[in-house]
Amino acid sequence: MINIGANIVLAQTSLFTLGGTFPVGPGSYTTVTAVEMATADFNRDGKLDIVTLNAGDGTLTVLLGDGAGHFAQAPGSPIKVMTGTPPLATYSNAIATGDFNGDGFPDVAALGYDLAVLLGDGTGRFTNGKGFVQPNFHVSGTLLIAGDFTGDGKLDLVTAGFGGNPYLWPGDGSGGFGPFASLPFFSNYVTDIVAGDFNGDGKLDLAVQMSNGSTPSVYLGNGLGGFQHGISPLPTVFVETAPAAVGDFNGDGKSDVLTVSYFGNNFRSETWPGSSNLVFPWIAVTSPAPGYPLFPITGDFNGDGKLDWAGTYNGGIVAVELGDGTGAFTPAPGSPYVVGDSPYGIVAGDFNGDGKIDLAVDTGNQVVLLLNGITAGGLKTQVIQFTNPGGRTWTATPFTISATATSGLPVSFQSATPSVCTISGNSVALVGVGTCSITATQPGNSTYSAATPDTQSFVVSQALQTIAISIPPLAISSFWGVLRCP
């Protein structure tokens, strides 16, 4: 075991290992804070990208993935979101993605005091679309869900804010939403809403958590934008506090609801199973939990065909709980994982192309990548971190480069352009002008699989030469009062 301080102990064998870190905005943590994030293939290259919603300066940061565990900001990122008074720029809390205008490219909806829609062009760029005024929002909206609730094949939105009823915004398929319809069946403040098909009829339903700490309520959708009461909340000594997640945790083909509750210092996860005949009381499968997450997500993280969940927590950590196929969970090897700062939003996807589900976490001013460290052969994965040397002038003096692997194993270098640059060990010699491409590799060992090679290219330009000109001293003589130069 490895003690890393703050009473957090990590196992030496870990399901996830730290990958790279990627900044989300131009400011510091005190001025730019990523509060939520989403993932999609925004530039249509077959590789997952990330978008973060940044409070403090009202921007979206779009990070384009290369499929090998690296991200770079898209052209024009960060993007200013222009809508609202006060503007979404200052009070932005929720984000959702989907093809809202039917052009085949992922778009983004962002929620603050108002609702903003940004339309993607399929290259990673976005333009501000329509903005929509939130009804009776005296404070910022915090909940945003995209889904086809009206059954017309067009994405709709459900929104809610502190102390208010949810609203359904039917989508028109061209990037517009509305007119909104209030969902007035909630008697307490809404703290979270999730969508899923809880009774297996092929229509989206809603599960709602209230501020009174009771168990979730279920409202069954009719596929036309209407909802009817399905399951009432159940009073409990355990207080439901954390946001909820949805997935088929027991493998019966129906959506279940995952919540985390506490009583005193005891925390537990609760899996509320979906059923074609939802009846009261709703009985949950419970397991010990590491605390209540700020933001939970689901995925099959250990590749056993059973759904797991992960969540961000105060103290700069991410915890992962592995499902057993019944709705119960146990901690993943190495959980919790330290990511630092103040994590909140989290997304899952295969960001390095190894077929395993990784995690990306926003920690305020940067996105931290957690790479799934177990391969099919039982080996852990590793990632090379290789900084581009930058443009160089052709000189006879060699220079050194450096790269590291997350495994701690040594990295080797090879030149792909020997007519421009050669390499010996980590020393680079420039032999011509043009583009120098150097590849860093790590072949792995009995514990780690081979890392994905990382190639960095830079331009070698012709050196400027200086010509020294010597001018003889000027001799001046006088003859009959005339100055002459010999």
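Each chain carries its own residue numbering, running from 1 in the direction its sequence is written. Local features in a predicted model are, by the rule used here, given only for residues with pLDDT of at least 70; side-chain atom pairs are given and counted only at 80 or more, and totals for whole chains, interfaces and linings are based on all residues. Side-chain numbers come from the whole structure's heavy atoms, not from hydrogens or water.

K.L.:
Just to check I follow, could you spell out the state of the cysteines for this structure?
P.N.:
What we call a disulfide is simply a covalent bond connecting the sulfur atoms of a pair of cysteines. Note that a disulfide, as used here, is simply two cysteine sulfur atoms within 2.5 Å. Enumeration over the complete set of coordinates arrives at one disulfide. Across the disulfide from Cys421 sits Cys436; the S-S distance is 2.0 Å. A torsion of 90 degrees about the S-S bond marks the disulfide between Cys421 and Cys436 as right-handed. Separated by 15 residues along the polypeptide, Cys421 in strand β39 (residues 421–424) and Cys436 in strand β41 (residues 434–441) bring together distant segments of the chain. On the basis of relative accessibility, which here comes to 0%, the residue Cys421 falls in the buried class. Counting from the N terminus, the helices are the DSSP runs of H or I reaching at least four residues and the strands are the DSSP runs of E reaching at least two. Exposure is judged per residue with a 1.4 Å probe applied to protein chains only, and the accessible area is read against the type maximum: over 50% gives exposed, under 20% gives buried, and values in between give partly exposed.

K.L.:
Help me understand the packing of aromatic side chains in this model?
P.N.:
For any pair of aromatic rings, geometry is given as the distance between the ring centres together with the angle between the planes. Put simply, two rings from Phe, Tyr or Trp (the six-membered ring, in Trp's case) pair if the centres are within 6.5 Å, and we call them stacked under 30 degrees between planes, edge-to-face over 60, tilted for the rest. For the coordinates displayed, the defined rule picks out 17 aromatic pairs. With a centroid separation of 5.3 Å and 75 degrees between ring planes, the pair formed by Phe22 and Phe71 is classed as edge-to-face. In this pair, Phe22 is assigned in strand β3 (residues 16–23) and Phe71 in strand β7 (residues 71–73), connecting sequence segments 49 residues apart. Note on accessibility: Phe22 and Phe71 belong to one class, buried. Seen from their ring centres, Phe249 and Phe329 are 5.6 Å apart, and the 80 degrees between their planes marks the pair as edge-to-face. In this pair, Phe249 is assigned in the loop between β22 (245–247) and β23 (256–263) and Phe329 in strand β29 (residues 329–331), connecting sequence segments 80 residues apart. For the pair Phe249 and Phe329, a shared accessibility class is recorded, and that class is buried. Working rule: Lys NZ or Arg CZ, within 6 Å of ring centre, within 35 degrees of ring normal, means a charge sits over the ring. When the ring centre of Phe399 is taken as reference, the NZ or CZ atom of Arg392 above it lies at 3.9 Å.

K.L.:
What am I meant to see in the environment of Met210 here?
P.N.:
Take Met210: it is sitting in strand β18 (residues 205–210). Of the residues examined, Met210 reaches a relative accessible area of 4% and is grouped as buried. Along the backbone, Met210 and Ile193 are 17 residues apart, and their C-alpha atoms lie at a distance of 9.2 Å.

K.L.:
I'm lost on the environment of Leu206 in this one. Help?
P.N.:
Its place among the elements puts Leu206 in strand β18. You can call Leu206 buried: its relative accessible area is 0%. As a C-alpha pair, Leu206 and Val218 span twelve residues in sequence and 5.8 Å in three-dimensional space. The residues touching Leu206, leaving out its near neighbours within four places in the chain, are Phe149, Leu183, Ile193, Val194, Ala195, Phe198, Ser217, Val218, Tyr219 and Phe227. Two residues form a contact once any of their heavy atoms are found within 4.5 Å.

K.L.:
Could you clarify how one ought to interpret the confidence of the model for the protein chain in this entry?
P.N.:
Any residue range with low pLDDT should be treated as having predicted coordinates unsuitable for detailed reading. For every residue, the pLDDT score states the predictor's confidence, bounded by 0 at the bottom and 100 at the top. Model confidence for the protein chain is summarised by a mean pLDDT of 81, while 78% of its residues fall at 70 or above. Ranking the helices and strands of the protein chain by mean pLDDT puts strand β28 (residues 317–323) first, with 95, and strand β1 (residues 2–3) last, with 30. A low-confidence stretch, residues 26–34 (pLDDT under 50), is modelled with 27 contacts involving residues beyond four sequence positions or located in other chains. Every residue in residues 137–141 scores below 50 in pLDDT, and together they form 21 contacts with partners more than four places removed in sequence or on other chains.

K.L.:
Would you mind showing me how to read the sheet that holds β39 here?
P.N.:
Two orientations exist for strands paired in a sheet by backbone hydrogen bonds: parallel and antiparallel. By definition, two strands form a pair when at least two bridges between them are found by DSSP. One open sheet accounts for three strands, arranged β36-β40-β39; its pairing is antiparallel. Both edges of this open sheet fall to β36 (399–400) and β39, since each of them pairs with a single strand only. By the bridge criterion, two bridges tie β36 to strand β40 (residues 427–430) in an arrangement that is antiparallel. Across the sheet, residue Phe399 finds its bridge partner in β40, namely Val428.

K.L.:
Mind showing me how you'd approach unusual backbone geometry here?
P.N.:
Trans is the prevailing form of peptide bonds, just as negative phi is the prevailing case for residues other than glycine. In this structure, Pro78 follows Ser77 across a cis peptide bond, with omega equal to 0 degrees. The peptide bond linking Ser335 to Pro336 adopts the cis configuration, its omega dihedral lying at 10 degrees. Turning to its location among the elements, Pro336 is positioned in the loop between β29 and β30 (337–338). One non-glycine residue with positive phi stands out, namely Arg44, at about 60 degrees. Note on placement: Arg44 falls in the loop between β4 (33–40) and β5 (49–55).

K.L.:
Explain the pattern of salt bridges to me, please; I cannot follow it from the model alone.
P.N.:
Opposite charge on two side chains allows them to pair when their charged atoms are near. The salt bridge definition used is simple: a Lys or Arg side-chain nitrogen within 4 Å of an Asp or Glu carboxyl oxygen. In this structure the tally under the stated criterion is one salt bridge. Residue Arg268 is joined to Glu270 by a salt bridge in which the shortest nitrogen-to-oxygen separation is 2.6 Å.

K.L.:
So what exactly am I meant to see when it comes to the nonpolar core here?
P.N.:
One broad trend across soluble globular proteins is that nonpolar side chains are buried collectively. Counting residues in each nonpolar core, the largest one holds 18 residues, and the members touching the most others are Phe386, Phe413 and Ile438. Of all the elements in the fold, those that place two or more residues in this core are β34 (384–386), β37 (403–405), β40, β41 and β42 (454–461). It is β41 that provides the largest number of residues to this core, a total of three residues. Apart from residues no more than four positions distant in its own chain, Phe413 is found in contact with Phe386, Ile401, Ser402, Ala403, Ile423, Gly425, Asn426, Ile438, Thr439 and Ala440. What we call a nonpolar core is a set of buried Ala, Val, Leu, Ile, Met, Phe, Trp, Tyr and Cys residues that are connected through their side-chain atoms within 4.5 Å.

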